[in-house]
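Residue-level structure breakdown
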Amino acid sequence: MELETQLLPESRAESFVRTCRPVVGDDLRSVTYFTHDRCEQIYLRSDLEADADLTGFVEHETDGFQARTAYRGSELGDYRYTVRTFDHGYLTRVTDDDKGVFVTTDGLTLRRSEELASALGELLRG
């Protein structure tokens, strides 16, 4: 896994952050874009340290690529997104066939997680 800068054009990276802000507001902690073998943290809130093991997180979050096909045809319907709960926040992951994004937040309601995942999914497909 390779951590990169400028994996995305700046305007595209900014569109991910602009998509998150209305839904999450000041609870937004970080936004990370990833592919199977590369990743880029495109936003980190100013009061946080840039010392997270980003590649370790992304290695786990690439599971979302397999989830899209693993759950295909289940009685639950198509896989859409994942929310992970931690002691100090939440992680929402959305993937497309070969790219994904995860967003970390301080707080997150079910309604906001649905809005966030829907908006990010549209942006990934666009």
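Up top is the structure these notes are about.
A brief structural summary.

What counts, and where the lines are drawn
Once a new chain begins, its residue numbering starts again from 1 and follows that chain's sequence as written. In view of the model being predicted, local features appear only for residues whose pLDDT reaches at least 70, and side-chain atom pairs are presented and counted only at 80 or more, with totals across whole chains, interfaces and linings using the full set of residues. Based on all heavy atoms of the structure, the side-chain values leave hydrogens and waters out of the count. Pairing of aromatic rings covers Phe, Tyr and Trp, the last through its six-membered ring, and needs centres within 6.5 Å; plane angles under 30 degrees mean stacked, over 60 mean edge-to-face, and all others mean tilted. Strands are runs of DSSP state E lasting at least two residues, helices are runs of H or I lasting at least four, and both sets are numbered from the N terminus onward. Between buried and exposed lies partly exposed: a residue is buried under 20% and exposed over 50% of the maximum accessible area for its type, with that area taken using a 1.4 Å probe on protein chains only. The pairing criterion for strands is at least two bridges between them, as found by DSSP.

Right, let's talk about the packing of aromatic side chains for a bit. Applying the stated criterion to the full structure yields five aromatic pairs. Residues Phe34 and Phe102 carry aromatic rings whose centres are separated by 6.1 Å and whose planes lie at 45° to one another, so their mutual orientation is tilted. You can see Phe34 sitting in strand S2 (residues 28–35) and its partner Phe102 sitting in strand S6 (residues 99–105), a full 68 residues away along the chain. For the residue pair Phe34 and Phe102, the accessibility class agrees, reading buried in each case. Ring plane angle 40° and centroid distance 6.4 Å describe the contact between Phe57 and Phe86, whose orientation is recorded as tilted. Note that Phe57 is positioned in helix H2 (residues 54–61) and Phe86 in strand S4 (residues 82–86), a separation of 29 residues in sequence.

A few words on the pairing of S4. Pairing between S4 and strand S5 (residues 89–95): five bridges, direction antiparallel. Across the sheet, residue Thr85 finds its bridge partner in S5, namely Tyr90. Between S4 and S5, which pair antiparallel in sequence order, lie two residues.

These values are about where atoms sit, not about what they do.
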